[in-house]
Every structure is written in structure tokens, then in C-alpha cells.
Amino acid sequence: MFSLGSWLPALPGLAWGWALLDALLQGLVGACAISVLCSLLKVYLYIQCVNNPERQAEKEAIVAQRPLLEPLHGLVLTAVLALVGSRVAALVVLEFSLRAISTVLSLGKGAHSSQLYLLCQYSLGCGVSCGLSFLLEGAPHRSWNLALAAGLAGLLALHARRLARHVCALYELHSRARYCGICILLLASGHGIPRLLRNALALTFAVADLAAVELINRDFLSTGEAVRFWTPLTICYTLLVVYMQEESRQSTGKGPVFRTVVVRMGGLFILLLTVGRWTDILHVFVSLLGELWCLLCSGVLLESCWRQ
């Protein structure tokens with residue numbers, strides 16, 4: 001089996017073109033992972049609204065989401081994740097992992113937060129991208145492997161999106177009439193969707209964290225350089241986690257969420273000004289746009305999580 005460009009002459013431009021193709025495929029896989037997460041969470045929140053007569057306004061808002069925006073959402077995320085370098089993506093993954101651990105510990109044993117699943121959208125895309133970069137590094141058929149992964153991820157995202165549309169259109173009717181097998185299954189076990197998401201995200205970020213640490217450490221030639229980078233990074237992330245925990249306790253609503261995104265990216269920007277490269281600075285701005293885009297597109301779901 002040959003790689004995609006094995007039959008073409010070895011030109012400098014072709015190597016750059018295959019690298020761009022690989023980046024786009026990685027971004028597509030990450031965007032599909034975000035789409036699956038949002039679709040399953042949409043199904044869960046809709047079912048919760050149906051079961052609660054006081055949340056009919058939220059149910060109507062979820063149904064009123066425009067399906068035509070979903071392809072645009074995927075295209076923008078694919079482009080953003082393709083542009084973000086592996087170094088900044090790795091830092092985003094590590095920062096969210098610390099924040100998630102802190103949030104879970106503060107919630108208490110057995111508790112979960114649907115809002116945390118929505119806040120991890122962009123970090124999930126970066127985690128998938130980091131994992132693929134690490135696992136396929138040096139693979140002889142890297143482009144073919146990424147194309148296969150993108151195809152499988154696209155099919156999974158498509159079926160998850162169809163499930164969300166089916167539930168929003170017919171769940172109430174089918175669950176009452178005991179007519180549809182899918183709706184009956186959701187009626188019986190739909191409450192287990194957060195547990196499924198929690199387990200899947202825990203596994204994904206466990207792999208992504210290992211890949212992120214390895215991707216960052218490979219740029220250092222000595223232990224001293226690594227210490228000079230990790231020490232301010234650890235202090236910065238610890239302060240950010242403490243700040244965001246206090247912010248979440250004192251206020252609710254959309255304002256604090258968007259404010260913490262700006263604070264997090266601002267802290268990362270200042271850190272990389274001292275220990276990073278100029279390309280890292282550019283990638284921080286791209287990451288800021290990606291985070292804000294994910295939050296804007298999931299505004300209805302975030303509102304439902306806050307009210308829940």
C-alpha cells in the first residue's frame with residue numbers, strides 16, 4: 001500500500017501540501033468529536049425538558065435551533081483546529097484537564113455538571129488533534145489513517161445529529177405511544193447519557209494529556225529548559241483554576257463564562273510571550289476565536305444547563 005503522494009515527484013511544495021491536508025483531516029476529526037458531544041447533550045437536555053412541565057420554554061428554544069448552522073459550525077471548527085499548532089493545543093488540553101479535575105472535586109462525589117461538557121468543546125477538539133498527532137507521528141501511511149479516521153468520525157457525527165433531530169421532532173409522540181425503539185430506549189435509559197459522556201471524555205483526555213506532555217517536552221534539549229517552561233506554566237494554571245472556581249461560585253450566567261475564556265487565553269498569551277515562539281502567539285488568538293465560537297453556537301444549551 002502506498003502513501004497518498006508516493007507516485008508524485010518529490011517537490012518542496014508537495015510536502016507542504018500533504019502537511020496541510022493532514023492538518024485539515026485532524027481538524028475535521030476534532031470537529032466531528034465536538035459535534036457528537038453537542039448532539040448527545042442536546043438529546044439529554046431535551047428529554048429533561050420534556051419530563052419537566054416548567055421547562056417548556058427551554059424545550060422550544062432547543063427545537064428552534066437552526067439545523068443549517070451545524071455544517072457552518074463544523075467548517076469553522078475544522079479550520080480553527082487545523083490552524084492551531086500542536087504546542088498551543090497541548091497547553092489548552094492540559095489547562096482544561098486541571099480545570100475539570102478541580103470542578104469535579106468541588107461538585108462532590110457522584111455529581112456531574114452538564115455545563116462542563118459544553119465548556120470542554122474546544123478543548124476536546126484540541127485533545128483529539130493532539131492525540132492523533134502523537135499516535136500517528138512517523139506513521140508510513142499517516143494521510144490514509146487520518147482519512148479513515150475522518151470518515152468514521154464523520155459517520156458518527158452524522159448519526160448523532162440525526163438522532164438529535166429525531167428526538168426533537170418525534171420523542172414526545174413516540175415515548176407516549178411506545179412506538180419507536182430508539183425513543184423507548186431513551187425513555188428508559190436517557191438519564192445515563194451524562195455518565196456515557198463522562199466516561200468517554202475521561203478516556204479521551206487521559207490519552208490527550210499524555211500526548212500533550214510528550215508534544216511539549218520534545219521541543220526541549222535539556223532538563224533545564226523544560227523546568228524553565230513548566231514552572232511558570234504550573235503557577236499560571238494554578239492561579240487560573242483558583243480564579244475560575246471563585247468566579248463560578250460568585251456569579252452565574254453567560255458573562256462569567258465569556259470572561260473566563262478571555263482571562264484564560266490572556267494568561268496563556270502572557271506566558272507564551274516569555275517562554276514561547278511568535279507562532280504560539282498567533283495560535284493563542286486562533287484558540288480564543290475557537291473558544292468563543294463554540295460558546296456562541298451552544299448558547300441555548302448553555303442556558304438550559306444553567307437553569308437545570
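Residues numbered from 1 in each chain as written. Predicted model: local features only at pLDDT ≥ 70, side-chain atom pairs only at ≥ 80, totals over all residues. Heavy atoms only, no water.

Where an unreviewed UniProt entry is consulted, the protein chain appears under the name TMM82 protein, with the organism given as Rhipidura dahli.

Take the overall build of the protein chain next. Check the secondary structure of the protein chain and you find 13 helices and zero strands. Starting at the N terminus, the α and β elements of the protein chain follow one another as α-α-α-α-α-α-α-α-α-α-α-α-α. A burial count over the protein chain gives 45% of its 308 residues as buried. Here the analysis covers contacts within the protein chain between residues at least 6 apart in sequence; of these, 78% occur between residues at least 24 apart. Taken as a whole, the protein chain presents about 15,800 Å² of accessible surface, with 69% of it coming from carbon and sulfur. (Helix = DSSP H or I, 4+ residues; strand = E, 2+ residues; numbered from the N terminus. Buried < 20%, exposed > 50% of the residue type's maximum accessible area, 1.4 Å probe, protein only. Contact = heavy atoms within 4.5 Å. Areas by Shrake-Rupley, 256 points an atom, 1.4 Å probe, with all protein chains shown as cover.)

This next bit is on the UniProt feature "transmembrane region" (unreviewed entry) in the protein chain. The residues that UniProt annotates with the feature "transmembrane region" (unreviewed entry) are residues 68–94, 114–136, 143–164, 229–245, 257–275 and 281–302. Helix makes up 95% of residues 281–302 and strand 0%, with an end-to-end C-alpha separation of 29 Å. (UniProt positions renumbered as here; feature names shortened; annotations may be inferred.)

Bringing the environment of Phe205 into the picture now. Assignment of secondary structure puts Phe205 in helix 9 (residues 193–217). Residues Phe205 and Val93, 112 residues apart in the sequence, show an inter-C-alpha distance of 7.5 Å.

Along its 15 residues, helix 3 (residues 69–83) runs 21 Å from first to last C-alpha, staying within 8% of the 21 Å computed at 1.5 Å per residue. Within the sequence span of helix 3, burial applies to His73, Leu77, Thr78, Val80, Leu81 and Ala82. (Expected span 1.5 Å × (residues − 1).)

For the rest of this paragraph, the subject is the pattern of salt bridges. Where charged atoms from two side chains of opposite charge approach closely, those side chains can pair. The final tally for this structure, using the stated rule, is five salt bridges. Two residues, Asp22 and Arg142, come together in a salt bridge whose shortest N-O distance is 3.5 Å. Taken as a pair, Asp22 in helix 1 (residues 12–50) and Arg142 in helix 7 (residues 142–177) lie far apart in primary sequence, 120 residues in all. Arg99 is the partner of Glu95 in a salt bridge, and the nearest nitrogen-oxygen pair spans 3.0 Å. Within this pair, Glu95 and its partner Arg99 are both found in helix 4 (residues 86–107), separated by four residues, close to a single helical turn. (Salt bridge = Lys/Arg side-chain N within 4 Å of Asp/Glu carboxyl O.)

Our next topic: the nonpolar core. Generally speaking, soluble globular proteins have nonpolar side chains that are buried together. By size, the foremost hydrophobic cluster in this structure holds 84 residues, and its most contacted members are Leu91, Tyr122, Tyr171, Tyr237, Leu268 and Leu272. Ignoring anything within four residues of it in the chain, the contact list for Leu268 reads Val88, Leu91, Val92, Tyr237 and Val284. (Core = buried A, V, L, I, M, F, W, Y, C linked by side-chain atoms within 4.5 Å.)

What follows covers the state of the cysteines. Taken as a whole, this structure holds zero disulfides when the rule is applied. The structure places no disulfide on Cys183, whose sulfur is separated from the nearest cysteine sulfur, that of Cys180, by 4.0 Å. Cysteine Cys294 is unpaired, with the sulfur of Cys38 as its nearest cysteine sulfur at 7.2 Å. (Disulfide = S-S within 2.5 Å.)

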